[in-house]
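Chain residues, written in single-letter form:
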Amino acid sequence: MRIDIVTLFPELCDSFLSASILGRARAKNLFEAHCHQIRDYTTNKQKQTDDYPYGGGCGMVLYAQPIADCLRAVQKQCADQGRAKPHVVFLTAAGQPYNEETAKRLAQYDALTLVCGHYEGIDQRVIDAFGDEEISIGDYVLTGGELASLVVADSVLRLQPGVLAEEKGYQDESYWDGLLEYPQYTRPEVWEGRAVPPVLLTGDHKKIDSWRGQQSRTRTRLRRPDLYERWCETHPLTELPKWKRGENMRLVKTDEQWNIAAELFAEGRYAVCKDVCTPLYLDTLTPEHCGEALQLDRKNGWAFYLHYTKNAADGLVGVCHKTGQIGHLFVTASAREQGIGSKMLDFARKKLPEHAHPTLTVLDTNTRALALYRRMGWHPVGVEAVYDPATDATASVYCQELKLRYEAQ
Ligand code: ADE
């Protein structure tokens with residue numbers, strides 16, 4: 001790949017591309033880079049590169065002419081090398097947002113030219129005449145496009161074969177698969193009283209991969225719900241975890257089971273409500289109250305199942321044959337991250353074979369459950385209820401109860 005940067009500060013850009021990993025790769029001819037001084041292409045005596053904006057306003061605007069002539073010179077150099085016409089990107093705060101997907105796309109070009117604006121901007125006519133696209137590296141304004149062009153150059157060049165020591169290097173990393181990277185640790189094992197997560201010292205790579213995957217998903221869900229939602233849509237859960245020995249589902253029948261179900265229901269409701277409901281409401285979530293609610297549901301056609309791990313109940317789910325609803329899906333905190341919720345949901349759905357499209361509801365604040373449901377083929381079809389602190393004495397935060405419907409994958 002050949003990369004050209006058109007700038008008022010070619011030395012600055014060149015020195016970046018000569019340092020560290022990119023510098024070594026450049027020395028090995030894994031890519032070619034050229035930084036061009038816009039000023040060298042001026043035709044006025046003073047070598048002036050910019051002027052006041054037509055229509056007034058502060059700042060200066062770069063002339064079209066020197067940029068155009070510089071781009072023509074780059075085009076000629078590429079043609080002389082037998083390369084295709086370079087793809088031209090203008091770096092401006094008004095461009096399309098940049099991300100890894102764009103980096104991957106730009107990395108496919110044989111020749112890429114990055115044009116850095118400065119001061120208030122660039123004469124639009126040269127952008128219109130030469131630009132294939134305009135890119136912004138984020139919602140903030142820089143004094144010039146140099147840092148932006150280097151961000152693009154760095155993220156594109158590291159994808160070129162051989163630039164990173166190990167190709168796998170970038171496959172694990174943030175954004176590659178749409179998830180943020182898991183946390184990393186190196187020696188010493190304990191630093192200033194902080195220990196490395198023990199799983200990383202086990203040497204059990206299956207366990208380590210599973211822990212890292214979990215960390216990536218949780219991080220992304222909490223820090224970048226937008227990325228996580230997209231990831232869930234593109235990563236359906238096609239394979240459920242296997243049922244382990246000592247693990248089973250039992251219909252709630254005995255008094256003792258009803259008591260356990262009431263306790264799990266209370267615990268589950270509390271977990272979901274604790275950040276969105278008033279303390280007064282949370283106080284009502286006792287096993288007694290929740291037990292009464294379950295009995296009422298039973299009268300209305302609901303059946304409940306407990307999940308057991310080695311004879312200890314650690315999950316609850318309800319199904320209603322009359323309406324095709326699934327509800328009260330809950331796994332105790334200590335039994336989480338083992339795929340029990342997904343197995344219980346699958347179990348509950350299969351208990352309703354007469355309903356091709358069962359439904360369930362979930363608070364939109366319960367992003368963890370929502371993500372699981374979406375990955376398992378459940379899609380939002382509407383809003384079941386709205387909890388608004390302005391009109392609802394039990395709500396402390398505005399949230400919506402979403403209705404989801406199962407669509408076979
Ligand atoms: N020039 C000034 N601000 C910029 C930004 N955020 N991205 C790209 N180029 C810029």
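In short, a report on the structure. Given the structure is predicted, the values throughout are model-derived calculations rather than measurements. (Residues numbered from 1 in each chain as written. Predicted model: local features only at pLDDT ≥ 70, side-chain atom pairs only at ≥ 80, totals over all residues. Heavy atoms only, no water.)

A count of helices and strands for the chain gives 14 helices and 17 strands. Relative to a compact globule of 409 residues, whose C-alpha radius of gyration would be 22 Å, the chain shows 29 Å and is clearly more extended. Considering the chain as a whole, with its 409 residues, one finds that 43% of them fall into the buried category. Across the chain, the fraction of contacts at a sequence separation of at least 24, relative to all contacts at a separation of at least 6, is 68%. Accessible area of the chain: about 22,600 Å², with a carbon and sulfur share of 51%. The centroid of the 48 positive side-chain charges in the chain is displaced by 6 Å from the centroid of its 55 negative side-chain charges. (Helix = DSSP H or I, 4+ residues; strand = E, 2+ residues; numbered from the N terminus. Rg over C-alpha atoms; globule rule 2.2 N^0.38 Å. Buried < 20%, exposed > 50% of the residue type's maximum accessible area, 1.4 Å probe, protein only. Contact = heavy atoms within 4.5 Å. Areas by Shrake-Rupley, 256 points an atom, 1.4 Å probe, with all protein chains shown as cover. Lys, Arg positive; Asp, Glu negative; His and termini not counted. Charge placed at Lys NZ, Arg CZ, Asp CG, Glu CD.)

What follows concerns a negative patch on the surface. Judged by side-chain charge, Glu263, Glu267, Glu288 and Glu292 come together as a negatively charged surface patch. Elements supplying a minimum of two residues to the negative patch: helix H10 (255–273) and helix H12 (287–299). By the secondary structure assignment, Glu263 is in helix H10. (Patch = residues over 30% accessible without salt bridge, like charges linked within 9 Å, V, L, I, M, F, W, Y side chains within 5 Å. Salt bridge = Lys/Arg side-chain N within 4 Å of Asp/Glu carboxyl O.)

Another point: the site of the ligand. Neighbouring the ligand are the residues Leu91, Thr92, Ala93, Ile135, Ser136, Ile137, Gly138, Tyr140, Val141, Leu142, Gly144 and Ala148. Measuring from a nitrogen atom of the ligand, one finds a backbone N or O atom of Thr92 at 3.3 Å. Protein contacts shield 94% of the accessible area of the ligand, which totals 260 Å² for the unbound molecule. Listed by contribution, the elements that provide at least two residues to the shell around the ligand are strand S5 (87–97) and strand S8 (133–136). Across the shell around the ligand, the residue classes tally to 8 nonpolar, 4 polar and no charged. (Near = heavy atom within 4 Å. Polar contact = N/O pair within 3.5 Å; in protein donor to acceptor, adjacent residues only side chain to side chain. Nonpolar A, V, L, I, M, F, W, Y, C, P; charged D, E, K, R; others polar.)

For the rest of this paragraph, the subject is the packing of H10 against H12. Between H10 and H12, the least distance of the axes is 8 Å, while the angle of their chain directions is 110 degrees. Relative to H12, the element H10 is oriented roughly perpendicular. Two packed elements cross with a definite hand, and for H10 against H12 that hand is right-handed. Residues Trp258, Ala261, Ala262, Glu263, Phe265 and Ala266 of H10 form the contact with H12, whose participating residues are Pro287, Cys290, Gly291, Ala293, Leu294, Gln295 and Arg298. (Axes fitted to C-alpha atoms, helices over the stretch in contact; angles between N-to-C directions. Parallel < 35°, antiparallel > 145°, perpendicular 65-115°, else oblique. Left-handed = near helix turned anticlockwise from the far one by under 90°.)

A few words now on the environment of Leu114. With respect to the helices, strands and loops of the structure, Leu114 is situated in strand S6 (residues 111–116). Take Leu114: its relative accessible area is 0%, and that puts it in the buried class. With 36 residues separating them along the chain, Leu114 and Leu150 place their C-alpha atoms 8.9 Å apart. Beyond its immediate chain neighbours, meaning those up to four positions away, Leu114 contacts Ile3, Asp4, Ile5, Val6, Val89, Leu91, Ser149, Val152 and Ala153.

Once that is clear, we can look at the packing of helix H1 (residues 10–17) against helix H6 (residues 146–157). Between H1 and H6, whose axes approach to 11 Å, the crossing angle comes to 25 degrees. Looking at the two axes, H1 sits roughly parallel to H6. Here H1 and H6 pass one another in a crossing that is right-handed. Where H1 abuts H6, its residues Leu12, Cys13, Phe16 and Leu17 lie against Glu146, Leu150, Ala153, Asp154 and Leu157. Grouping the amino acids of the contact of H1 with H6 by side-chain chemistry returns 7 nonpolar, no polar and 2 charged.

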